[in-house]
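Here are the chains, one letter per residue:
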Amino acid sequence: MRKKIVAGNWKMNTTLESAILLASEIDTRLADSKKNVDDVTVLLFPPFPFIHSVADVVNAEKIGVGSQNIANQPKGAFTGEVSAEMIASTGVGYIIIGHSERRAYYGETNEILAQKVDLALANNLDVVFCCGEKLEEREAGQYFDVIKTQLSETILKLSSDQMQHIIIAYEPVWAIGTGKTATPEQAQEIHAFIRNLLSEKFDDALADSVSILYGGSCKPSNAKELFSQPDIDGGLIGGAALKAEDFVQIIESY
Ligand code: 13P
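These numbers were taken from a predicted model, which means no experiment stands behind them.

*Asks:* So, the pairing of strand β4 (residues 94-97): which residues are in play, and what are the values?
*Replies:* Covered by surrounding structure in β4 are Tyr-94 and Ile-96 together with Ile-95 and Ile-97, the residues of both alternating faces. Alignment of strand β3 (residues 63-67) against β4, held across two bridges, turns out to be parallel. Of the residues in β4, the one forming a bridge with Ser-67 is Ile-95. You can see the chain leave β3, run along helix α3 (residues 84-89) and come back into β4, and the turn it takes is right-handed. Two elements, β4 and strand β5 (residues 126-131), share four bridges in a ladder whose sense is parallel. The partner of Ile-97 across the bridge, within β5, is Phe-129.

And the structure:
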């Protein structure tokens, strides 16, 4: 059975104080929840400087903490960069790689992303690997090809053992922060396509074991319908993850 996962990507938001408050409120609301939230893996991805403080205030048995980025080099003279080894040494277990904002604003190519995935896995971090097409690629009907290339040049090169540590997030770029959500049918179509790519490259058992999350304007009002699709195993949440009430409602809607 693959894991149900709801992950909050806080992006470049919060301060030390508000990050601790947000994490504590999510922790308390989850502990008090009357819904069956125990079978959902909850992950928080705060900005680098707050990772340790956030990990300190949440119940580690219920909430995993991770980093939004790592360097594509192991160590050394790379001023300003943060390595996979550093992140792993703080005790957190997860990392987001391949987010469209990193691809678009920081020139992260599939080659760079593949290097980051290797470093993350070598340091025992589980990877949330993002893929997704831009609006013009969807309108031109190229979205299957775009996603196939994003995955073929990165995680589909891994071994099946390494794939046990990969979570995939499908985030159509046109749905991120725009309020425009993919319909459950549009998202399901891509999730099934991704699972089929995994079957072709590996086998059905592996394809069935990998969690594939949807991301892009996911909120309490649409989460339930999205998560009820057969190949959608949870969500990677941006804006709505910054409000404890909304984020926990999304978890509860599972
Ligand atoms: P929004 O939920 O704000 O659209 O962001 C989605 C996202 O990019 C999560 O990584």
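*Asks:* Outline helix α5 (residues 110-122), listing residues and values.
*Replies:* For α5, with 13 residues, the first-to-last C-alpha span of 18 Å sits near the 18 Å given by 1.5 Å per residue. Listed as buried for α5 are Asn-110, Leu-113, Ala-114, Lys-116, Val-117, Leu-119, Ala-120 and Leu-121. With its phi angle positive at about 60°, Asn-124 sits one or two positions after the end of α5.

*Asks:* Before we move on, could you go through the site of the ligand and cite the residues and values that matter?
*Replies:* Close to the ligand lie Asn-9, Lys-11, His-99, Glu-171, Ala-175, Ile-176, Gly-177, Gly-216, Ser-217, Leu-236, Gly-238 and Gly-239, which account for all nearby residues. Here an oxygen atom of the ligand sits 2.7 Å away from a polar atom, N or O, in the main chain of Ser-217. Gly-239 is positioned with one of its backbone polar atoms (N or O) 2.8 Å from an oxygen atom of the ligand. When the free accessible area of the ligand is taken as 310 Å², the share hidden by the protein chains comes to 95%. Grouping the constituent residues of the shell around the ligand by class yields three nonpolar, seven polar and two charged.

The rules behind these values
- Residues numbered from 1 in each chain as written.
- Predicted model: local features only at pLDDT ≥ 70, side-chain atom pairs only at ≥ 80, totals over all residues.
- Heavy atoms only, no water.
- Buried < 20%, exposed > 50% of the residue type's maximum accessible area, 1.4 Å probe, protein only.
- Helix = DSSP H or I, 4+ residues; strand = E, 2+ residues; numbered from the N terminus.
- Pairing = 2+ DSSP bridges.
- Right-handed = clockwise from strand over helix to strand, strands pointing away.
- Expected span 1.5 Å × (residues − 1).
- Near = heavy atom within 4 Å.
- Polar contact = N/O pair within 3.5 Å; in protein donor to acceptor, adjacent residues only side chain to side chain.
- Areas by Shrake-Rupley, 256 points an atom, 1.4 Å probe, with all protein chains shown as cover.
- Nonpolar A, V, L, I, M, F, W, Y, C, P; charged D, E, K, R; others polar.

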